[in-house]
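# Summary of the model geometry
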Amino acid sequence: QVQLVESGGGLVQPGGSLRLSCAASGFTFSSYTMSWYRQAPGKERELVATITDFGGNTNYADSVKGRFTISRDNAKNTVYLQMNSLKPEDTAVYYCKAIYIWRNYWGQGTQVTVST
């Protein structure tokens, strides 16, 4: 059974940091490109960051470049999103997604709230 389980979300003050994790099971994790998406209330889901199967390439949305870092540990079947210098506009539910050709899987999401 395929599972993607996100964790690490929470409430943080502006300028703070959080590290999200997404633990995968039920598929060959190392073969999949992994992405983080987010969805704020009333807005469409947007792509935040992507990392290729063995981590050789990463891409980021312009809004998070220089502040967020995506990484993965294929031995642990886990992808991470290190978020620094957080802003109120980063508030959203964050989802991880696994992609391999026509297959894709989503996690259930974790809430990140940036507020004083």
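Residues numbered from 1 in each chain as written. Predicted model: local features only at pLDDT ≥ 70, side-chain atom pairs only at ≥ 80, totals over all residues. Heavy atoms only, no water.

## Quick look at the packing of aromatic side chains
For any pair of aromatic rings, geometry is given as the distance between the ring centres together with the angle between the planes. A complete count under the given rule lists seven aromatic pairs for this structure. Of note, Arg19 hangs over the ring of Tyr80, and the distance from its end group to the ring centre comes to 4.0 Å. The ring of Tyr95 has Arg45 sitting right over it, with the charged end atom 3.7 Å from the ring centre. (Phe/Tyr/Trp six-rings, centres within 6.5 Å; stacked < 30°, edge-to-face > 60°. Lys NZ or Arg CZ within 6 Å of the ring centre and 35° of its normal.)

## Focus: the pattern of salt bridges
Within this structure, the stated rule accounts for four salt bridges. Across the pair Arg38 and Glu46 runs a salt bridge, and its minimum N-O distance is 2.6 Å. On the accessibility criterion, Arg38 (7% relative accessible area) is buried. With a relative accessible area of 33%, Glu46 lands in the partly exposed category. Note that Asp90 and Arg38 form a salt bridge whose closest N and O atoms lie 2.9 Å from each other. (Salt bridge = Lys/Arg side-chain N within 4 Å of Asp/Glu carboxyl O. Buried < 20%, exposed > 50% of the residue type's maximum accessible area, 1.4 Å probe, protein only.)

## Description of the environment of Gln111
As for its placement among the helices and strands, Gln111 is situated in strand β11 (residues 110-114). Sequence spacing of Gln111 and Asn59 is 52 residues, and the spatial spacing of their C-alpha atoms is 22 Å. Not counting residues within four places of it along the chain, the set of residues in contact with Gln111 comprises Gly9, Gly10, Thr91, Ala92 and Val93. Side chain to side chain, Gln111 and Thr113 meet in a polar contact 3.3 Å long. (Helix = DSSP H or I, 4+ residues; strand = E, 2+ residues; numbered from the N terminus. Contact = heavy atoms within 4.5 Å. Polar contact = N/O pair within 3.5 Å; in protein donor to acceptor, adjacent residues only side chain to side chain.)

Read these as spatial facts, not as claims about activity.
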